[in-house]
Amino acid sequence: MEALAVRLSHLDSQVEGAIRVVMFYDTLMRRRVDLPALARASAGLAECVAGIRLHGTGRVIRFSPDGREASAPTAPASTTAPITLDEEEIGTVWLERPGTPSLLDEVVLDRLAIAAAAVVERYGPARTTMADPALVELVISSDSDEAARARALRLLGFAADLPVHVVAVRSQFPLDKVGGLICPARPVKAAPLADVGVILATTVDPARFPEGVGAGIGAAESPDRSWREARTALRFTTPRRPVVHHDDLGSLALLAEIPQDASRDNTDVAAIARMAGTPEDLETLDAYCETGSLRRAADLLHLHHSSVARRLEQLGKTLGIDLTEPTGLIRARLALTAWRLLNA
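Scoring rules and cut-offs
- Residues numbered from 1 in each chain as written.
- Predicted model: local features only at pLDDT ≥ 70, side-chain atom pairs only at ≥ 80, totals over all residues.
- Heavy atoms only, no water.
- Helix = DSSP H or I, 4+ residues; strand = E, 2+ residues; numbered from the N terminus.
- Rg over C-alpha atoms; globule rule 2.2 N^0.38 Å.
- Buried < 20%, exposed > 50% of the residue type's maximum accessible area, 1.4 Å probe, protein only.
- Contact = heavy atoms within 4.5 Å.
- Areas by Shrake-Rupley, 256 points an atom, 1.4 Å probe, with all protein chains shown as cover.
- Lys, Arg positive; Asp, Glu negative; His and termini not counted.
- Charge placed at Lys NZ, Arg CZ, Asp CG, Glu CD.
- Salt bridge = Lys/Arg side-chain N within 4 Å of Asp/Glu carboxyl O.
- Phe/Tyr/Trp six-rings, centres within 6.5 Å; stacked < 30°, edge-to-face > 60°.
- Pairing = 2+ DSSP bridges.
- Axes fitted to C-alpha atoms, helices over the stretch in contact; angles between N-to-C directions.
- Core = buried A, V, L, I, M, F, W, Y, C linked by side-chain atoms within 4.5 Å.
- Expected span 1.5 Å × (residues − 1).
- Arc of directions from axis to C-beta.

**Quick look at the overall build of the protein**
And then number 1: Each helix and strand in the protein was counted, giving 15 helices and nine strands.
And then number 2: A compact globule built from 344 residues should have a C-alpha radius of gyration of about 20 Å, whereas the protein, at 28 Å, is more than 25% larger.
And then number 3: Counting only C-alpha atoms, the protein reaches 90 × 50 × 35 Å along its principal axes.
And then number 4: A total of 344 residues make up the protein; the buried ones form 44% of that total.
And then number 5: In the protein, of all internal contacts separated by at least 6 residues, the share reaching a separation of at least 24 is 59%.
And then number 6: For the protein, the accessible surface area stands at approximately 17900 Å², while carbon and sulfur atoms represent 52% of it.
And then number 7: Side-chain charges of the protein comprise 38 positive and 45 negative groups, with the mean position of each set lying 2 Å from the other.

**Comments concerning the pattern of salt bridges**
And then number 1: Counted according to the given criterion, the structure contains 16 salt bridges.
And then number 2: A salt bridge links Asp105 to Arg97, with the shortest nitrogen-to-oxygen separation between them at 2.8 Å.
And then number 3: On the accessibility criterion, Asp105 (1% relative accessible area) is buried.
And then number 4: Between Arg149 and Asp224 there is a salt bridge; the shortest N-O distance is 3.9 Å. You can see Arg149 sitting in helix H6 (residues 146–156) and its partner Asp224 sitting in helix H8 (residues 223–235), a full 75 residues away along the chain. In terms of burial, Arg149 and Asp224 fall into one category: buried.
And then number 5: By sharing partners, the salt bridges in this structure join Glu146, Arg149, Asp224 and Arg228 into a single network.

**Quick look at the packing of aromatic side chains**
And then number 1: Throughout the structure, instances matching the rule amount to one aromatic pair.
And then number 2: With 5.3 Å between their ring centres and 85 degrees between their planes, Phe24 and Tyr25 make a pair best called edge-to-face.
And then number 3: For Phe24, a relative accessible area of 26% translates into the label partly exposed.

**Quick look at unusual backbone geometry**
And then number 1: The backbone of Arg32 shows a phi angle near 55 degrees, a positive value even though the residue is not glycine.
And then number 2: In this structure, Arg32 sits in the loop between helix H2 (13–30) and helix H3 (35–46).
And then number 3: Unlike most non-glycine residues, His302 shows phi in positive territory, near 60 degrees.
And then number 4: Inspection of the secondary structure assignment puts His302 in the loop between helix H13 (294–301) and helix H14 (305–319).

**Here we look at the sheet that holds strand E8 (residues 214–217)**
And then number 1: Here we have five strands laid out as an open sheet, ordered E6-E7-E5-E8-E9, and mixed in their pairing. Looking along the sheet, the strands with just one partner apiece sit at the ends: strand E6 (188–193) and strand E9 (243–245). For this sheet, the mean inter-axis angle between neighbouring strands, taken without regard to orientation, is 20 degrees.

**Quick word on the nonpolar core**
And then number 1: Core analysis: the biggest nonpolar cluster contains 32 residues, and Tyr25, Leu35, Leu38, Ile52, Ile83 and Val93 have the highest contact counts within it.
And then number 2: Elements that contribute at least two residues to this core include exactly H2, H3, strand E1 (49–54), strand E2 (60–63), strand E3 (79–85), strand E4 (88–96) and helix H4 (105–123).
And then number 3: Per-element tally for this core: the top contributor is H4, with nine residues.
And then number 4: Ranked by size, the runner-up nonpolar core spans 25 residues in total, among them Met275, Tyr288, Ala338 and Leu342.

**Concerning H14**
And then number 1: Taking 1.5 Å as the rise per residue, H14 with 15 residues should run 21 Å; its terminal C-alpha atoms sit 20 Å apart, in good agreement.
And then number 2: Inspection of H14 places Val308, Leu312, Leu315, Gly316 and Leu319 among the buried residues, and these make up the whole buried set. Angular distribution of buried residues about the axis of H14 spans 105 degrees; they occupy a single face of the element. Exposed side of H14, more than 90 degrees from the buried face: Arg310, Glu313 and Lys317 are the residues found there.
And then number 3: Tucked inside the fold, the buried residues of H14 contact helix H11 (267–275), helix H12 (279–291) and H13.
And then number 4: Among the residues trailing H14, Gly320 stands out with phi positive, at a value near 75 degrees.

Purely geometric numbers; function is a separate question.
Okay, here's the thing in structure tokens:
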């Protein structure tokens, strides 16, 4: 590398500078530095504050050119670059240079990002969101003993005292992106398992799920129980209610325990099944059951309330249920939910 630098140095001072930056980071990696040492050396090289942040843990490392940790509030980054490991963005590196960025800043950040990824991989566990499905299955399986479950959680990067929520997901949206959104600054892991995606997270923000994602959230008692609850909650999701927490189901969760044959044979459920061939009728009934109000259902459907009233009157005759009565509304809600569970 030194000989190459000498041969190319006469071509352009920027080329020589870039090669020296590459040599600088090659030397750091041979010395097997950790992330703080990497940030400290980068700040000295760039002569400005250098920072590293890992998305999975929320850890932020900032050093000044004098080799001390930067304690002042983070200044706006003059240049940034993603840290990528196994084709997943796991963090960010940046420089806080006052004024105009240096021409070599891009080279510095490129090499800093590559070095940071190598350090994370070396001193793991890896901070990627996507995890080994076999380890995730060990965590959520009811057949796992506590020792095996604890070891799997430790290998996945979860501390023993951290709660673990399990989320069951159905979506075309990448699982690692969903995990990063709902748990942005705490440990989170994800893996596909059979017909559903599994996310293990220490915290879950239901409001941060992307549009089009269906998700069931389990409580954080034991991962195997949380997984069962998440799968159950996922069955209760609808286009209008795409994210369901098992705790919010209450007694409705009991519907998931009813044998499917018993549900199919129920008169009300069978009537919903016959009606389901007409999407307009199903949507009207769903809006009314969701709101419990004729006018709110009309607002949801963007129709005049008189039009919705006529539809509901006809639906009531078809179902054999008086939808204007509280008991009739309860019957319709239960029947619609049971029918959905059959088709979940």
